[in-house]
Each structure stands twice: as C-alpha cells, then as structure tokens.
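A closer look at the structure
Listed below, chain by chain, are the residues.
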Amino acid sequence: MLTVITFLPVIGALGMLIFMRGRPSAYKTTALVTSIVTLGVAIYAAAGFDAGSGEFQYVENHSWIASLGISYHLGIDGISLLLVLLTTVLTVVAILGSWNSIKDRGLAFFISLLVLETGMLGVFVSMDLFLFYVFWEVQLIPMYFIIGLWGGARRVYAAIKFFLFTFVGSVLMLVAILAVVWWYAKNGGRLTFDILELQKAGFSGSLAIWSFIAFFVAFAIKVPMFPVHTWLPDAHTEAPAGGSIILAGVLLKLGAYGMLRFSIPMFPAALAECLPWLLGLSVVGILYGAW
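Everything numeric here is computed off the predicted structure, so don't read it as measured data.

Conventions adopted
- Residues numbered from 1 in each chain as written.
- Predicted model: local features only at pLDDT ≥ 70, side-chain atom pairs only at ≥ 80, totals over all residues.
- Heavy atoms only, no water.
- Axes fitted to C-alpha atoms, helices over the stretch in contact; angles between N-to-C directions.
- Helix = DSSP H or I, 4+ residues; strand = E, 2+ residues; numbered from the N terminus.
- Parallel < 35°, antiparallel > 145°, perpendicular 65-115°, else oblique.
- Left-handed = near helix turned anticlockwise from the far one by under 90°.
- Contact = heavy atoms within 4.5 Å.
- Nonpolar A, V, L, I, M, F, W, Y, C, P; charged D, E, K, R; others polar.
- Patch = residues over 30% accessible without salt bridge, like charges linked within 9 Å, V, L, I, M, F, W, Y side chains within 5 Å.
- Areas by Shrake-Rupley, 256 points an atom, 1.4 Å probe, with all protein chains shown as cover.
- Salt bridge = Lys/Arg side-chain N within 4 Å of Asp/Glu carboxyl O.
- Buried < 20%, exposed > 50% of the residue type's maximum accessible area, 1.4 Å probe, protein only.
- Polar contact = N/O pair within 3.5 Å; in protein donor to acceptor, adjacent residues only side chain to side chain.
- Expected span 1.5 Å × (residues − 1).
- Bend = angle between axes of the 7 residues up to and from the residue.
- Core = buried A, V, L, I, M, F, W, Y, C linked by side-chain atoms within 4.5 Å.
- Pairing = 2+ DSSP bridges.

**Quick notes on the packing of helix α5 (residues 129-150) against helix α8 (residues 205-222)**
Here α5 crosses α8 at 30 degrees, and the two axes come no closer than 14 Å. Here α5 is positioned roughly parallel relative to α8, judged by the angle of their axes. Crossing of α5 against α8: the hand is left-handed. Each of Phe 132, Trp 136 and Gln 139 in α5 lies in contact with α8, whose residues at this interface are Ala 218, Phe 219 and Lys 222. Along the lines of polarity and charge, the residues of the contact of α5 with α8 split into 4 nonpolar, 1 polar and 1 charged.

Now the structure itself:
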C-alpha cells in the first residue's frame, strides 16, 4: 500500500508527460485526479492503522542492492502517518490553488508538483537510510524548478539560494550516513542501511558527536533554524502560491521529522552532550524571530 501511495503521483506525472502535451485541461485534470486518488489511498491506510500499536505498520521490505546492504524498506508509524496525510491533502490544495494562476509551461509545473509529492512521501515512509536519502534529494529538484521558473522577480536568486543551502545539508547528511554504516559494519554488525537496526547500534564517542552534528545541520537547514534560515524568506516571497503552500506546509516539516526519526533515537548520548547548544540556538531563534 505504501508503494502505491508513494509512486502514484509520479506515475500520473509520467502519463501527463507522454500523452497530454499541449492539452491544459487534460493535464490539470489528471494532476488533480491523481492527487485526490493518492489522498484517498492515504485515508484508507489511516482508517486501517492501529493507533494502539507502537510498531511500524504496512511494512514492505525487499532486498534491493544486497551487496551493499541496501533494501527497499517502507513503513509508517503515528508520526509519519500524519505527515503522509498532510502531504496528500496539501498537494490537492496546491494543485487547485495553481489551477488558473500558472499560465506559462503549465504541464511542467503540474508534473513538478506531483514529482515533489512522491519525493516528500518517500521521505516519510522510508525505513532504509539510502532510500531515505534518495527521496530527500528527489524532493529538492522539483521545488528548485518551481521557485526558479514560476516565481517572482527575484526567483532565480531565491531558487539558487534554496538549492545551495539544502545541498550543503544533503552533503553533510550523506557523509554522516556513510560514516555510521561503515562504523556499524566494522564493529561487529553487518553492512546495512536499515534505520531500525542502526538505531540499536549505540553509537558513542566522536563518531556519534560528529554524525549527530552533520544530521542536525542538514535538518536544521530544512526547518529552518537560526542561523541557517536566511534562504526561507526569499523562497517564500518568490515562490508561486502552490509552491509556497507545499514549502510552508510540508517541506519545512521534513527537518523536524528528520530530527525525531534520526538525530534523537540514533544518537541519544550525543544529543545529551549537545543539548545546551541546541537549547541556546532555539532561544536565540525565538528572540530573533520576535525582534
């Protein structure tokens, strides 16, 4: 079921690209219907979700690149379920909000929205770090184009700034992912990117500290937290309405989700050591924002 929810938007986008060039009413309707059906499947999944269980549900786990310990592993818990529902609801809203406002290259715009939806949903349901990183990068690309092609007067500047900030965070995250996977395999574990298995590894010492910092910076940029927040005003100001809806409603949640899913459970000892600094940054952010 999670595979259907995740990839249905990109399948709709592929159909639009192949069959609906030069037919605005057709590709707009297809984008809307695809997003509504995706929302319907997500609601169906929510209706069957056991809220009394703390386990991941609707789990799909298949070997993908066995030699590297990479698997196609999906699952949702209470946190990710709510974010999946939020994503599917706001994608419908973004498509409706862009129905008449996007005049130029409309097919590319609505395809970008659907590809973006797949990227965001993939982030929330991935249970493999490599798969998570792939989806994390996928959602970056269409948002870059949404801002850069359909934004306001300073759209190119805002899009490049958004990309550079997020790309730096992605590089730090990739380094941290490779570091923890290598350490786990070297110290008696197997070569794996499985999130649940790595969370039980008990990372400590300098590896845990630096990996925690790398993950935290990547997620802090996405939140965004002070002082890596400066891309957000430009992106919000220049993005079209549909893009701004997704940016505020879902993309900024990816950072907080990453902290809850990775930074806290994977590196609890490092979190305890860094907590005074994190609290200090949070207080500064609150006061700075108020000012």
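**Thoughts on a nonpolar patch on the surface**
On the surface, Leu 14, Leu 17, Ile 18 and Phe 19 cluster together into a nonpolar patch covering about 410 Å² of accessible area. For Phe 19, the location among the structural elements is in helix α1 (residues 2-19). The exposed category is assigned to Phe 19, whose relative accessible area is 59%.

**What to know about the side chain of Thr 88**
Residue placement: Thr 88 occurs in helix α3 (residues 78-97). The buried category is assigned to Thr 88, whose relative accessible area is 0%. Among the polar contacts listed, one links the side chain of Thr 88 to the backbone oxygen of Leu 85, at a separation of 2.9 Å. If we ignore the near neighbours within four places in the chain, the residues touching Thr 88 are Thr 38, Leu 39, Ala 42, Glu 117 and Leu 121.

**Re α1**
End to end, α1 covers 26 Å across 18 residues, agreeing with the expected 26 Å (1.5 Å per residue, within 8%). At Leu 8, α1 is deflected by roughly 40 degrees, the largest bend along its length, and proline Pro 9 occurs up to four residues later in sequence. Restricting attention to buried positions, one finds in α1 the residues Leu 2, Ile 5, Thr 6, Pro 9, Gly 12, Ala 13, Gly 15 and Met 16. On its buried face, α1 is in contact with α2 (24-47), β1 (57-65), β2 (70-76), α3, α4 (106-125) and α5.

**As for helix α11 (residues 268-290)**
Since there are 3.6 residues in each turn of an α-helix, residues three or four apart along the chain are aligned in direction. Given a rise of 1.5 Å per residue, 23 residues ought to cover 33 Å, and the 31 Å separating the end C-alpha atoms of α11 matches this to within 8%. Along its length, α11 shows its largest kink, about 60 degrees, at Cys 274, and proline Pro 276 lies within four residues downstream of that point. Inspection of α11 places Ala 270, Leu 271, Cys 274 and Leu 278 among the buried residues, and these make up the whole buried set. Considering only its buried residues, α11 is in contact with α8 and α10 (241-266).

**Some remarks on the pattern of salt bridges**
Considering all chains together, one arrives at 5 salt bridges under this definition. The partner of Asp 234 in a salt bridge is Arg 154, with the nearest N and O atoms 3.2 Å apart. Here Asp 234 is found in helix α9 (residues 231-238), whereas its partner Arg 154 is found in the loop between α5 and α6 (155-186), with 80 residues between them in sequence. Classification of Asp 234 by relative accessible area gives buried; the value is 14%. Of the charged contacts, one joins Arg 190 and Glu 197 as a salt bridge, the two residues approaching to 2.8 Å between their closest N and O atoms. On the accessibility criterion, Arg 190 (48% relative accessible area) is partly exposed. Each of the salt bridges in this network shares a partner with another, and the network as a whole consists of Arg 154, Lys 161 and Asp 234.

**Structural notes on the nonpolar core**
Core analysis: the largest hydrophobic core is formed by 94 residues, its most contacted members being Met 16, Leu 129, Met 143, Met 173, Ile 246 and Phe 267. Per element, the largest residue contribution to this core is 12 residues, and it comes from α4. Filtering out sequence-adjacent residues up to four positions away, Met 16 remains in contact with Arg 21, Tyr 27, Thr 30, Ala 31, Leu 107, Phe 110, Ile 111 and Leu 114.

**Comments concerning the pairing of β2**
The buried fraction of β2 is high, at 7 of 7 residues. Where β1 meets β2, 6 bridges bridge the pair, whose relative direction is antiparallel. Directly across from His 62, in β2, lies its bridge partner Tyr 72. Between the antiparallel neighbours β1 and β2 lie 4 residues, among them Gly 69 with a positive phi of about 75 degrees.

**Notes on the environment of Phe 56**
Tracing the chain through its elements places Phe 56 in the loop between α2 and β1. Taking the C-alpha atoms as reference, Phe 56 lies 25 Å from Ala 270; in sequence the two are 214 residues apart. Here Phe 56 is in contact with Gly 75, Ile 76, Asp 77, Met 127, Leu 196 and Arg 261, once residues within four sequence places are set aside.

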